[in-house]
Protein chains: 4
Amino acid sequence: MIAVLKNGTTKPQMDHLIDWLSKQNISVHISKGDSYTVLGLIGDTAKIDIDLIQSLEIVESVKRVSEPYKQVNRKFHPENSVIDVSGVKIGDGSLNFIAGPCSVESEEQIIGIAKQVKDSGATMLRGGAFKPRTSPYDFQGLKGEGLKLLFEARKVTGLPIVTEIMNINTLDLFEDVDFIQVGARNMQNFDLLKELGKTKKPILLKRGLANTIKEFLMSAEYIMSEGNENVVLCERGIRTYETATRNTLDLSAVPMLKKLTHLPVIVDPSHATGISWMVEPMALAATACGADGIMVEVHNDPPHALCDGAQSLTPEQFDSVAKKAFKIKEVVD
Amino acid sequence: MIAVLKNGTTKPQMDHLIDWLSKQNISVHISKGDSYTVLGLIGDTAKIDIDLIQSLEIVESVKRVSEPYKQVNRKFHPENSVIDVSGVKIGDGSLNFIAGPCSVESEEQIIGIAKQVKDSGATMLRGGAFKPRTSPYDFQGLKGEGLKLLFEARKVTGLPIVTEIMNINTLDLFEDVDFIQVGARNMQNFDLLKELGKTKKPILLKRGLANTIKEFLMSAEYIMSEGNENVVLCERGIRTYETATRNTLDLSAVPMLKKLTHLPVIVDPSHATGISWMVEPMALAATACGADGIMVEVHNDPPHALCDGAQSLTPEQFDSVAKKAFKIKEVVD
Amino acid sequence: MIAVLKNGTTKPQMDHLIDWLSKQNISVHISKGDSYTVLGLIGDTAKIDIDLIQSLEIVESVKRVSEPYKQVNRKFHPENSVIDVSGVKIGDGSLNFIAGPCSVESEEQIIGIAKQVKDSGATMLRGGAFKPRTSPYDFQGLKGEGLKLLFEARKVTGLPIVTEIMNINTLDLFEDVDFIQVGARNMQNFDLLKELGKTKKPILLKRGLANTIKEFLMSAEYIMSEGNENVVLCERGIRTYETATRNTLDLSAVPMLKKLTHLPVIVDPSHATGISWMVEPMALAATACGADGIMVEVHNDPPHALCDGAQSLTPEQFDSVAKKAFKIKEVVD
Amino acid sequence: MIAVLKNGTTKPQMDHLIDWLSKQNISVHISKGDSYTVLGLIGDTAKIDIDLIQSLEIVESVKRVSEPYKQVNRKFHPENSVIDVSGVKIGDGSLNFIAGPCSVESEEQIIGIAKQVKDSGATMLRGGAFKPRTSPYDFQGLKGEGLKLLFEARKVTGLPIVTEIMNINTLDLFEDVDFIQVGARNMQNFDLLKELGKTKKPILLKRGLANTIKEFLMSAEYIMSEGNENVVLCERGIRTYETATRNTLDLSAVPMLKKLTHLPVIVDPSHATGISWMVEPMALAATACGADGIMVEVHNDPPHALCDGAQSLTPEQFDSVAKKAFKIKEVVD
C-alpha cells in the first residue's frame, strides 16, 4: 500500500501515523519528494482498512499495490483450481454446461428436461426451488418440494444438481445438494458467505448486479477464508444505463477474472440478456473468451407452459448451442 | 397493464393468452390497430409477473400502467405516514437528525457522542454493532456487545437507537432496538425483509447501491405485505461511473419517492459522499428538496482516534449543519 | 405510439390532443378501460416528438410501438447491407480485420505495420491522424501529415485506410480517405453527421461512451436520412461503474444491433479493454457472437517505441488472433 | 505522478524509462521496497500522458498525485473567479437565475417570458435557437432566426442572453450572444472548445451525460488553455441505471467542483429531471449545496402551446422557486 501525504504534513503527524502502523505490524518506507511525501507500507496490508487510512487529515490519497484478497489470488496459487462437483470437474480445461429450467415445476418437467440436456452434453442440472423475486406477489418457488424433485431428477439421470440458497436457516435442506448457488442479490450477504465457508460444499457464487470484479473476489475470499476452497465464479450481467437488454453481460470480466484468480469462471447468458435468441451468440462468445462453463436455462414443452421464459432455450436450441460451443472450445485451446 | 402483440399473432394464440389471463382473474380489453393489437389487462395486475408476459412469443412489449406496489403506494394512501420510533415521529413534517458514530467502540465514546448530538438537536442515535464489510479481514463490529453499549447510551440520553441487522438469526438480539436498519447490501435480502415484516418494529430500509426507485419500493412492499407498516426509506447514494465521490447521492429520489409513496424518506449524506466536508452541503440540499430526516455520522475526539472516518463530522461541525438545516426547513415549508 | 391518459382527463382535453395530432397526420384509436384510457397513434409517428407528448398534463405515459428509426431499421430492409470500402466488402458474411497503430507516427512505422497486418489477413489499415484527447496537453496527432502517410501506406499495400474525422471543416482533407471514422465522442455531433450524410463516403460510426443502442441507431439514421447509405456501426465499450477494465465491452449489443438494423456491425476490443492481453479473448468473443469485423490496434517495434499502447498487439500477436478468429467464424456460420 | 514498477523489472528497463522521462524534463525519485519499486515523477507531469506510462510492460500501476488540469485548478488560483456576462456577475457570491423557454418560438413568446422572468429576479435569458436532437426528424430550432428573436428580447428587457452553439462554422452568428453555451453532447468536441478558447466570450460549459468531474474540468482546461478565462460550469444530470428520472442530477458535483476549481458552478434542474414538479425541490437543493446559479426552463401560455415541456415551469411557478431559493441562499451564506 502506498500513501501520499499532503503538503504541509508535520513531522509529529507523520510519526503518529507510522507509530500506529507499526502496531499493526506494518513497516514504512518513506520517500520524500519536493511537493509530496510517499509512504510505502510493507507487511500484511490486506488487513489494513484502506478507507481508514484515506480518512486521515494528512493523507492525500492511498493506493493498494498488492490486492486485498489472498486466498483467491492467482499470484499465490498460480495453477488453476479444479472444483469437483460430485465427480464433475470444473476448471480443468473442459467446458461444462449447466442446464435446466428457471423454476422446478413438476417431476415430469424436471426429469424430462434433465434427460434432454444430458443427451446434449450438459454435465449438471440447474433448477430453482427457492426463487428471489423483486415482488412479494410473484411466485417464490416450490421450495423444499422443489429440492426433492431435483433429487429425483438426479437419481434418474446421474446429473449433479445446482440450486440457489437464499437464507442461512435453510442450509440443512441443502445438505444433499451437489452445488449450492449464491444468487446475485446475495453476493454481499456476508453472513451467508461465512456459513457456506464452513461447509465443504462447492459454491457457485454469482456476481452482484452492480458489483465490481474486486468486490466479487472479496466475496469469494469470504468463503475461502472460512476454509471452503470449492468456489466457482459466475458472471451473469451487470446493471448499466442500457435498457435494450436486461443486463449488460460483462464478458471482459472472464479473462480478467481468470488473470486475477485461480478459481473457475462460468457465464450465465440467460439471465444477463433475458432474451432467448441472444443466448446462443452470448454463450458462444463466453466460450470464445475462456469461460470454464456456461449456465443456461432450458425449458421443454413451450406451447403448453405459459411461464416459459423469454430467456429459456428449447432442448433443441440448447443442443445446437452446445454443439457449436464445444467446437469453439477446440479452436480456443 | 398493457400488452402490445406482435404483427402476425394468430387468433388462437391471442385467445390462448386471454384464456390464461382470465384464469388469473384478469379481464382483457382488445384494441386492434392497423399494425398492432393492444391488450388492456384489467384487474389485480400487481400479481401478474411482467417478465412472464414479456416472455411470450406473441408479445412485442408490455407496460405497467398501474404500479406493482400497493401498500406503499401513495395513490391508495394519499396522506403521509407518520412513523413513531419510541415516541419520536418521522414523516409528520418535522426534520429529524439521526446522528452517531460509524461503529460503536466503547461506552465512553458512544455516551459522549450521544450527549453531544442530542444537544445539537438530534432526535435519535445511530451506531454500528454488526458491520457489513467488503473484506473478511476488516473490523466486523462489536456485535452483541455493541448493542449493549447503545442501550446504555439510550438510558443516559433518552435517544432511541438505530442500528443495522444483517441476519435473521440475530433478530432476538434486536428486540430492544428502537429502529432496525436494513443496510444497502440487504435491500433485496427478501427473507430478511419478510421476517422484519412479521414484527411491528420501525424499519429503516436503505436503498441498495444499484437499485431502482421501483425496486426500493418493492422491497418496502415486502415488509408491509407481511403486516408491518412502520417503514422509513433512506437514500444513501447510488453506484455510477463517477469516482470523485464514493457514490452519487441521488437527491432527485427524494421528491420522486415522496410523490410515489406515503412513507417517510430520509437521506444519509455521510455514506453517499464518503468525505466529511461534503456532508454539510449535501445535508442542506437534502433538507431543501424535502427529506424528512438526515442520518449523519458524528465522531468525537478525532485527534486521538485513528479510525475516525473520512466521512464523519465532529460534534461542532454537526451542530453547525443542524442549525442551518433547521433554518432551511423553515424556508421550504 | 401508445399514450396512456391519466384518470380524470376530460373529454375536451382529450379532444384537444386528438385534434392536434390529426394536424400532424396522426389518427387516433381510442381504447377506454375502467381506470385508464389508451390512445393508439397511427401514422408516421417517427416524426412525433415523444418528449412532447410525455410532457402533457393529461398523459400518464407514452410508449413507442414502432421504432423511431426508419432507414436503418431491418424491418423495412430485411437483408443485410453490404458496404463497399474501395473494393473491400463489409456485411457480406465475411470477417474483416481493420488493423493498425493508434497514431500514425512515421512513414516507416505505418508502412511496416501495414505490410505485416496485410500478411496476417487484415483487409483495411487503421491509423489516427487527428486524435481526440481528454487533455489539451496530450499529443493530438500528426493531422494532415498523418493522412499523407496513410495514403503512402495504402499505395504500397493496397489496403483501404480508415481514420477519424473530428471536425466538419477538415472534410476536404478526407476526400481521399476510404472509410471515415466518427469517434465515440462525436457520435451525437449532429452537424458532423449531417455533413457526412451528404457525402457518399463509407462512414464508420463508433458508439458513444454512454449511448444507448437506440441513440446509436438514431445517429446512423442522421447520416442515412441525408442520403448516405454507407454506414458501418462499431461497438467499442461503454462506461459503467467497473474500473478493472477501461470500458465495458458490450458484446450483447452485437446480436441486438444485427437484429434491429441491416447495417454491418464491427467491434473494437482494443479501446474497450485498454489492455493488450485482453484483446485476443474479446476479439474471439466478438467473432463468436456475430461481428462482421474486428478493429484492432497493432504496433511494431515495441522495445524501441516508448508510447506503444497498453492496448496494442504486436504483429505476431495479431497474426495469432486473426488465425483463431477465422476458425471461429467457420464454426459460427 | 507515481509509478509502481512490477516485480522483476531489470535495471536497464528502469534506466530506459528514467532516461526517457528526463528528456521530457521529468526527474525521478526512486524508492525501492521489498516487493515493489516506486518512482516519484517530479516536474510538469500534466504534460505526461498517463496512459502511455501505464502501457509500459514494466509498470504495475500509475497514479497522478497532482491534477492534470492547471488553469482551472483552485490550487493555483485559490480565490473564486467572477465571470462578467455583459454586466451580470457569476461567482461573486450571488445567486443567478438564468431562465427562459426550451426553444425560441416567436417574438411574442420570447419577449413575454423574458419580461416575466426578469420580474421574478432572473438575471439572464436562456432560449434555444440551434437544438441538438437525438432524432433527425425532431424540430431542430429556429436557428439564425431564433438568435434574432433573442436579441430582440434582450433589447426590450436588458437581460443578457444565453444560447447554445453546436458547430464551429456558426461562430460568427454568435458574435452578439452574451453567453455561449456548449451543450452536454459537445462537452468533448475538442475542436469547438479550442475555437471558443480563442474568443473572449463567456462560455457556459455543460457537463456531458456520462463524463466524470475530471473530464469536465479537462474540457474547461481546453478553453482556458487557449486564453479564454471566462468559463462557467453547469451540472445537468448524468446517465445512470435509474429510469424514474430522465437523468440523475449529481448535486455532489457542486461542492466537489467548487473545491477543485475556482470557476463558478451552476445547475440545470430542468434537463436533469425532465419533470416540471421536480424542478423546485432540485433548484432549492442546488442552492443549498452551494451553486452560483440555476438555469431553468420557463414557458408561458401552457394551455395553448402543446409543446410546452414536461420540464418547464410556468412564470408563476418560477417566481415561487426564485423566492424560496433566494431565502435559502441567505441561510447558506
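**With respect to the relation of the copies chain A and chain D**
Relating one copy of the chain to the other requires a rotation about an axis plus a shift along that axis. With an axial shift of 0.0 Å and an RMSD of 0.0 Å, the rotation relating chain A to chain D amounts to 180°. Those values place the two copies in the arrangement expected of a two-fold rotation axis. Within chain A, Tyr241 of chain A has its C-alpha nearest the rotation axis, a separation of 2.1 Å. Looking at the interface residues of chain A, 100% of them are also at the interface in chain D, so both copies use one shared face.

**Here we look at the interface of chain A and chain C**
In this assembly, 34 residues from chain A lie in contact with 34 residues from chain C. Broken down by secondary-structure element, the contributors of at least two residues to the side of chain A that touches chain C are helix H6 (213-225), helix H7 (253-260), helix H9 (279-288) and helix H10 (315-332) of chain A. In terms of residues, the side of chain A that touches chain C owes the most to one element, H9 of chain A, which gives six residues. Tallied by class, residues from the side of chain A that touches chain C come to 20 nonpolar, nine polar and five charged.

**Examining the domain arrangement of chain A**
Segmenting chain A into domains produces domain 1 (2-63) and domain 2 (74-332). Taken over C-alpha atoms, the centre of domain 1 of chain A sits 42 Å from the centre of domain 2 of chain A.

**A closer look at the pairing of strand S1 (residues 2-5) of chain D**
All names here are of chain D. The sheet contact formed by S1 and strand S3 (residues 37-42) spans four bridges and is antiparallel. For Val4, the partnering residue across the bridge sits in S3 and is Val38. Sheet topology note: the S1/strand S4 (residues 59-63) ladder contains four bridges and is antiparallel. Considered in S4, the bridge of Ala3 is made with Val62.

**Examining the sheet that holds strand S12 (residues 231-235) of chain A**
Sheet strands line up and pair through hydrogen bonds in the backbone, either parallel or antiparallel. All names here are of chain A. One closed barrel holds the eight strands; their spatial order is S7-S8-S9-S10-S11-S12-S13-S14, and the pairing between them is parallel. Pairwise comparison of adjacent strand axes, ignoring direction, gives a mean angle of 30° for this sheet. Strand direction decides the pairing type here: S12 and strand S13 (residues 265-267), joined by three bridges, are parallel. Looking at the pairing, Glu235 lines up with Val267 of S13. Across the sheet, H9 touches S13 and strand S14 (293-297), and the angle it forms with S14 is around 165°.

**Looking at the interface of chain A and chain D**
Taken residue by residue, the interface counts 16 residues in chain A and 16 residues in chain D. Sorting the residues of the side of chain A that touches chain D by element identifies strand S1 (2-5), strand S2 (27-32), strand S3 (37-42) and strand S4 (59-63) of chain A as the ones contributing at least two each. The element that contributes the greatest number of residues to the side of chain A that touches chain D is S3 of chain A, accounting for three residues. Residue composition of the side of chain A that touches chain D, by class: seven nonpolar, five polar and four charged.

Rules used in this analysis
Residues numbered from 1 in each chain as written. Chains lettered and ligands numbered in written order. Predicted model: local features only at pLDDT ≥ 70, side-chain atom pairs only at ≥ 80, totals over all residues. Least-squares fit on C-alpha atoms with pLDDT ≥ 70 in both. Contact = placed C-beta atoms within 7 Å. Helix = DSSP H or I, 4+ residues; strand = E, 2+ residues; numbered from the N terminus. Nonpolar A, V, L, I, M, F, W, Y, C, P; charged D, E, K, R; others polar. Domains from an automatic or database assignment. Pairing = 2+ DSSP bridges. Axes fitted to C-alpha atoms, helices over the stretch in contact; angles between N-to-C directions.

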